[in-house]
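Observations on the three-dimensional arrangement
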Amino acid sequence: MSKSTDEIRQTFLNFFHTKGHQIISSSSLIPDNDPTMLFTNAGMVQFKNVFIGQDRCDYKRVTTSQRCVRAGGKHNDLENVGYTARHHTFFEMLGNFSFGDYFKKEAISYAWELLTSNQWFNLPKERLWITVYENDDETLGIWKNNIGVATDRIICIGNNKGDAYSSDNFWQMGDTGPCGPCTEIFYNHGDDISKNPLSVSEDNRDQCIEIWNIVFIQFNRHPDGSMTLLKKPSIDTGMGLERLAAVLQNVHSNYEIDLFKKLINRIKKIIGLDDDFHSQSLYVIADHIRSCAFLIADGVIPSNAYRGYVLRRIIRRAVRHGNKIGIKETFFYRFITPLIEVMDHVANNIKYKQVYIENILKEEEEQFSKILTRGLVILDEKLSNLTNNTVDGQTVFDLYDTFGFPMDLTEEICRERNLKIDKNGFEIAMKQQRQRAYRAENIFKANYNNTICIDIESNFKGYEQLNVDSTVQAIFVNCQKVHQIFSGQNAVVFLNETPFYSESSGQIGDTGILIGNNTEFNVENTQKYNKAIGHIGQLKTGNLCIGDHINAQVNEVRRKCISLNHSATHLLHTALREVLGEHVVQKGSLINDKYLRFDFFHFEALTPQQICNIENIVNKQIRYNLKVKNEIVNFDIAKKKGAIALFGEKYDQYVRLLTIGNFSSELCTGTHVMRTGEIGLFFIQSESSVAMKVRRIEAFTGEIALEQVHFQKRQIQDVMRLVKANQSNFKEKICSMLDYLRTLEKELKEFQEQHVIRESIVLSKKAVELKSTKLLVSKLEDVKPTMLRNIMDKLKAQLGSAIIVLAIVSKGKISLIAGITPDLTKKIQAIDLINELVKKVGGKGGGRPDIAQAGGGMNIQALGNALSSVHTWVNNRL
Ligand code: SER
């Protein structure tokens, strides 16, 4: 009986455990140590900074089974899914890593032993092929001499991708970061086992597939393309679990392994499909539900930018395939339950957030389904009218813009009919939108090598003490290490022990002072640099040298206020879940000494009643004066106990668990109160929207909350005084004043209306005859500029056929209006008449042939003559 996928994963980890490797959990799909990366696309991503010496790992040898997504970005397999037997958007990568410990020889020997030994996977050696980076003679020698692989089964591959160090056998994580030559192991599934990876044609690539990549991490690549040699060469290996399972289960496609078989069968059952004709679409759907579920669980939400857009593309592709095989109702979200069943061992993240994930998928599918059918009809029409075999870029863009068809979706539909799309044309049409959608990407191109590199570990004492005697270990000025600083200099100072909390978990860094003999360093902020805590600030007096003894003192009052806000944030988080539901997930937070800000996932604005309930729950916990407990526990145990862990955070094996009575339990490294009573009062100041489905609460605690209550009370008292009311009749009084105001407004409007009618009747009588046309030019008194238009309309109606010019002077400025009845606009245009007057009295005019206005003219002396000149001007044109 062949091993199940779960057993294979476990066997791999066990094997490396017996070789002294620590088993470490998979990290999030959102890399927390590299903003240049879209998604975690390999097992080594969580160790990237360890490889380049910017971070330290507690172990020299580790092994993982890492969840990965390869869609978008440098390693993108999205378009291949459904077309090959070996590609996925989501997959698990098995890996073993050495951080400056063993190197080529051991890495190769371990791989060979695990794959071929009859104690382990026992694969037939004759089906294995090896590739090596050209000129890497050492690796070639190890395969030949130490392992005993025949020379004709080893293929050397040079720079076959254009540039230097651009090769199938030179691995790079992204455009920057750790990289190095690699050696790969291939497995030949086919009947002809003499076929090597290079001799199979593109169409038969599934026959001889790469199963294991062993990378010799030797360089760090920089944004300008240059590479520096790393001090400690390391090992990074990666083997796709699904590919290995296919080999060991003797099937020729990843989609036929136990995991996918079960998942696809459950999917077929749910949608009532009992034939096998639709396997390609089922593969796509089964693959995509995995990436979508894990991406959402790790904090991605569908959107039009960056990570969210990749997720949206995957969901839409799955929905289209569902549509293609005839599914009529919303379906995709229903596959989360079977997914949890088949991936039970690694699906904890999804289990906890099942409802949340289902809601997001459902909403996204419903939104897309509304336009999908119509979009498909339009595309069908276009395709049937096509005169060549390429769909133009504008059509592809219109489908994207109007129907939300990502370009690759249109491309895929066309590919199914042997048609192409004009990608360049699409890019041109799309340029503007793309700039918007990808603007975030530029932010992610920062050069992270330009920071302080420090390899010491600071001992944080600030949970218990706010004042610690310590020694200066390092000083940096402008990211450069220095031995000493002088009064007035800005610097970052590192100590062996410190009570200063460095910014993390949303909590801002501490401020305070470092005091030595005749020396005072003002700490304005505290930040973490790898494992070292940096005190950022300015030396106020004296000199400060490495080795100096100082007393580090945190600003206590400020820290206390921060701690109140941090503990209150935990209470708020739990209260939100109680009032709104378990789907509430933290999306971000800011905790400082003034207030707390908490962003969370929720579908709609909170009602005043919900806000009130939340405040009540939190304040009740404050009155209970609950004990706040902070302890180090094993991560898995904390999660089992139901502690809230945050998206995107990377947790070590041992974590800090913060519990507040029996009310809240959350992983957190922040600083907190001892008992909730210290918070005193919790007051929600505002609730608003920050992004689609992300709400924000801002709240105060302690004295500031009380001040806020007083402030609001004072404001109400001021208003009461102004409206001459008291507590009991205040609301009615304001309501009746507003009613009164509305009545007055109405009466004023009626009065003005009457005034306009009266004024226009009097004025119409002043019209003179000019070449049998009526001309009325008048300067009005007691009329507001806003009434001019109204009077003009009335006059036009009364005079029937006329040329009218009205003027008023109000607050030192002239307002003019000219009106011409439609029968005369061929001869005379109101806009010309107004422009003529503007020339004389100043201001700015605008309008149409039948009506034009001008305002702002200040030459009041010239107004009389200007109005008189209208007679001649009109006469000349009639
Ligand atoms: N980083 C390499 C890969 O992804 C080996 O883990 O193939």
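Please read these numbers as outputs of a predicted model, since none were measured by experiment.

Here we come to the overall build of the chain. A tally of helices and strands in the chain yields 23 helices and 35 strands. Its C-alpha atoms give the chain a radius of gyration of 37 Å, more than 25% over the compact-globule value 29 Å for 878 residues. Here the C-alpha coordinates of the chain stretch approximately 115 × 85 × 55 Å along the principal axes. The burial tally for the chain puts 52% of its 878 residues in the buried class. The long-range share in the chain, meaning contacts at least 24 apart out of those at least 6 apart in sequence, stands at 68%. Just so you have it, the chain exposes about 40700 Å², and 48% of that area is on carbon and sulfur atoms. Averaging the positions of the 107 positive and the 101 negative side-chain charges in the chain gives two centres separated by 6 Å.

Across the sheet, which stays open at both edges, the 4 strands sit in the order 23-24-29-28 with antiparallel pairing between neighbours. Because the sheet does not close on itself, it has two edges, and the strands there are strand 23 (586-591) and strand 28 (682-691). This sheet shows a mean twist of 15 degrees between the axes of neighbouring strands, independent of strand direction. When strand 23 meets strand 24 (residues 596-601), the two strands line up antiparallel, connected through 5 bridges. Counterpart to Ile591 in the pairing with strand 24 is Leu596.

Okay, empty space enclosed by the protein next. Across all of its chains, the model carries 3 cavities of 30 Å³ or more by this definition. Reported here for the largest cavity is a volume of approximately 60 Å³. Taken together, Leu78, Glu79, Tyr83, Arg317, Asp408, Glu411, Glu412 and Arg415 make up the lining of the largest cavity. The greatest single-element share of the lining of the largest cavity, amounting to 4 residues, is contributed by helix 13 (residues 407-416). Looking at the lining of the largest cavity residue by residue, the class counts come to 2 nonpolar, no polar and 6 charged.

Turning next to the site of the ligand. What surrounds the ligand is the set Ala42, Met44, Arg70, Met93, Trp171, Asn213, Val215, Asp236, Thr237 and Gly238. Within the backbone of Thr237, one N or O atom sits 3.2 Å away from an oxygen atom of the ligand. Contact with the protein chains hides 97% of the accessible area of the ligand, taken as 230 Å² for the molecule alone. At a threshold of 2 Å from the grid points, most atoms of the ligand map onto the second largest pocket. Those elements that place two or more of their residues in the shell around the ligand are strand 8 (208-221) and strand 9 (227-240). By residue number, the principal contributor to the shell around the ligand is strand 9, which donates 3 residues. Across the shell around the ligand, the residue classes tally to 5 nonpolar, 3 polar and 2 charged.

The next point concerns helix 4 (residues 137-147). Of all the residues in helix 4, the buried ones are Thr139, Leu140, Gly141, Ile142, Trp143 and Ile147. Against the buried residues of helix 4 lie helix 3 (104-116), strand 4 (128-133), strand 5 (154-157), strand 7 (177-188) and strand 8. Looking at the residues trailing helix 4, positive phi occurs at Gly148, about 90 degrees.

What follows is about the layout of surface pockets. Of the volumes computed, that of the second largest pocket is approximately 1300 Å³. Sorting the residues of the lining of the second largest pocket by element identifies strand 3 (90-98), strand 6 (170-172), strand 7, strand 8, strand 9 and helix 5 (241-248) as the ones contributing at least two each. It is strand 8 that provides the largest number of residues to the lining of the second largest pocket, a total of 7 residues. For the lining of the second largest pocket, a count of residues per class yields 17 nonpolar, 17 polar and 14 charged.

Judged by nonpolar contacts, the single largest core of 118 residues is most densely connected at Trp143, Ile185, Ile211, Trp212, Phe332 and Ile350. Looking at which element gives the most residues to this core, the answer is helix 7 (residues 279-297), with 10 residues. Apart from the residues lying within four places of it in its own chain, the contact partners of Ile185 are Ala111, Leu115, Leu128, Trp129, Ile130, Trp143, Ile209, Glu210, Ile211, Trp212 and Ile214.

We now examine the side chain of Arg86. Looking at where Arg86 falls in the secondary structure, it is placed in the loop between strand 2 (61-69) and strand 3. Assessed through its relative accessible area of 13%, Arg86 is described here as buried. Aside from chain neighbours lying at most four places away, what touches Arg86 is Arg205, Asp206, Ile209, Arg243 and Asn254.

Following both chains from N to C, one finds helix 16 (residues 556-580) and helix 17 (residues 608-623) inclined at 135 degrees, their axes separated by 9 Å at the closest point. Taken together, the axes of helix 16 and helix 17 lie oblique to each other. Judged by the sense of rotation from one axis to the other, the crossing of helix 16 with helix 17 is right-handed. Where helix 16 approaches helix 17, its residues Leu571, Leu572, Ala575, Leu576, Glu578, Val579 and Leu580 are matched on the opposing element by Gln610, Asn613, Ile614, Ile617, Val618, Gln621 and Ile622. Grouping the amino acids of the contact of helix 16 with helix 17 by side-chain chemistry returns 10 nonpolar, 3 polar and 1 charged.

As enumerated under the stated definition, the model contains 34 aromatic pairs in all. Relative to Tyr463, the ring of Phe460 lies with its centre 5.0 Å away and its plane at 80 degrees, an arrangement referred to as edge-to-face. Here Tyr463 falls in the partly exposed class, since its relative accessible area comes to 26%. Aromatic rings pair up to connect Phe12, Phe15, Phe16, Tyr102, Tyr110, Trp120 and Trp212 into one cluster.

On to the sheet that holds strand 30 (residues 768-770), then. Pairing between the strands of a sheet comes from backbone hydrogen bonds, and it takes one of two forms, parallel or antiparallel. Spatial ordering of the open sheet is given by 30-31-32-33-35-34, a layout of 6 strands whose pairing is mixed. Two strands close off the open sheet at either side, each with one partner strand: strand 30 and strand 34 (844-847). This sheet shows a mean twist of 15 degrees between the axes of neighbouring strands, independent of strand direction. One ladder, built from 8 bridges, connects strand 32 (residues 802-810) with strand 33 (residues 813-820); its direction is antiparallel. Of the residues in strand 33, the one forming a bridge with Ile808 is Ser815. Lying on the sheet, helix 21 (residues 788-799) is in contact with strand 31 (773-779), strand 32, strand 33 and strand 35 (851-857); it crosses strand 32 at an angle near 155 degrees.

Moving on: a nonpolar patch on the surface. Among the surface-exposed residues, Leu738, Tyr740, Leu741 and Leu744 lie close enough to one another that they form a single nonpolar patch of about 390 Å² accessible area. Tracing the backbone shows Leu744 in helix 20 (residues 730-764). The class for Leu744 is partly exposed, based on a relative accessible area of 37%.

In this structure the tally under the stated criterion is 38 salt bridges. Here Glu687 and Arg695 are joined by a salt bridge, their closest N and O atoms 2.8 Å apart. Residue classification places Arg695 among the buried residues on the basis of a relative accessible area of 11%. Three or more residues are tied together by salt bridges with common partners; here these are Asp6, Arg9 and Glu92.

A word on a positive patch on the surface. A grouping of Lys627, Lys629, Lys641 and Arg675 is seen on the molecular surface, where their side chains present a positively charged patch. Residue position: Lys629 is located in strand 25 (residues 628-634).

Turning to the UniProt feature "binding site: Zn(2+)" (unreviewed entry) in the chain, a few remarks are in order. The residues that UniProt annotates with the feature "binding site: Zn(2+)" (unreviewed entry) are His566, His570, Cys668 and His672. The greatest C-alpha distance among the annotated residues, which extend across 107 residues, is 9.9 Å, indicating that they converge on a single site. Checked against the element boundaries, His566 lands in helix 16. When its relative accessible area of 2% is taken as the criterion, His566 is described as buried. Not counting chain neighbours up to four residues away, the residues in contact with His566 comprise Ser505, Gln507, Ile591, Cys668, Gly670, Thr671 and His672. Its location among the elements puts Cys668 in the loop between strand 27 (664-667) and strand 28. Judged by its relative accessible area of 7%, Cys668 falls in the buried class. With residues near it in sequence (within four places) discarded, Cys668 still touches His566, His570, Arg656 and Leu658.

How each quantity is defined
Residues numbered from 1 in each chain as written. Predicted model: local features only at pLDDT ≥ 70, side-chain atom pairs only at ≥ 80, totals over all residues. Heavy atoms only, no water. Helix = DSSP H or I, 4+ residues; strand = E, 2+ residues; numbered from the N terminus. Rg over C-alpha atoms; globule rule 2.2 N^0.38 Å. Buried < 20%, exposed > 50% of the residue type's maximum accessible area, 1.4 Å probe, protein only. Contact = heavy atoms within 4.5 Å. Areas by Shrake-Rupley, 256 points an atom, 1.4 Å probe, with all protein chains shown as cover. Lys, Arg positive; Asp, Glu negative; His and termini not counted. Charge placed at Lys NZ, Arg CZ, Asp CG, Glu CD. Pairing = 2+ DSSP bridges. Axes fitted to C-alpha atoms, helices over the stretch in contact; angles between N-to-C directions. 1 Å grid on protein atoms, 1.4 Å probe; cavity = no way out; pocket = protein on both sides within 12 Å on 5 of 7 lines; lining within 4 Å. Points joined across faces, edges and corners; volume = space filled by probe spheres on them. Nonpolar A, V, L, I, M, F, W, Y, C, P; charged D, E, K, R; others polar. Near = heavy atom within 4 Å. Polar contact = N/O pair within 3.5 Å; in protein donor to acceptor, adjacent residues only side chain to side chain. Sits in = over half its atoms within 2 Å of the grid points. Core = buried A, V, L, I, M, F, W, Y, C linked by side-chain atoms within 4.5 Å. Parallel < 35°, antiparallel > 145°, perpendicular 65-115°, else oblique. Left-handed = near helix turned anticlockwise from the far one by under 90°. Phe/Tyr/Trp six-rings, centres within 6.5 Å; stacked < 30°, edge-to-face > 60°. Patch = residues over 30% accessible without salt bridge, like charges linked within 9 Å, V, L, I, M, F, W, Y side chains within 5 Å. Salt bridge = Lys/Arg side-chain N within 4 Å of Asp/Glu carboxyl O. UniProt positions renumbered as here; feature names shortened; annotations may be inferred.

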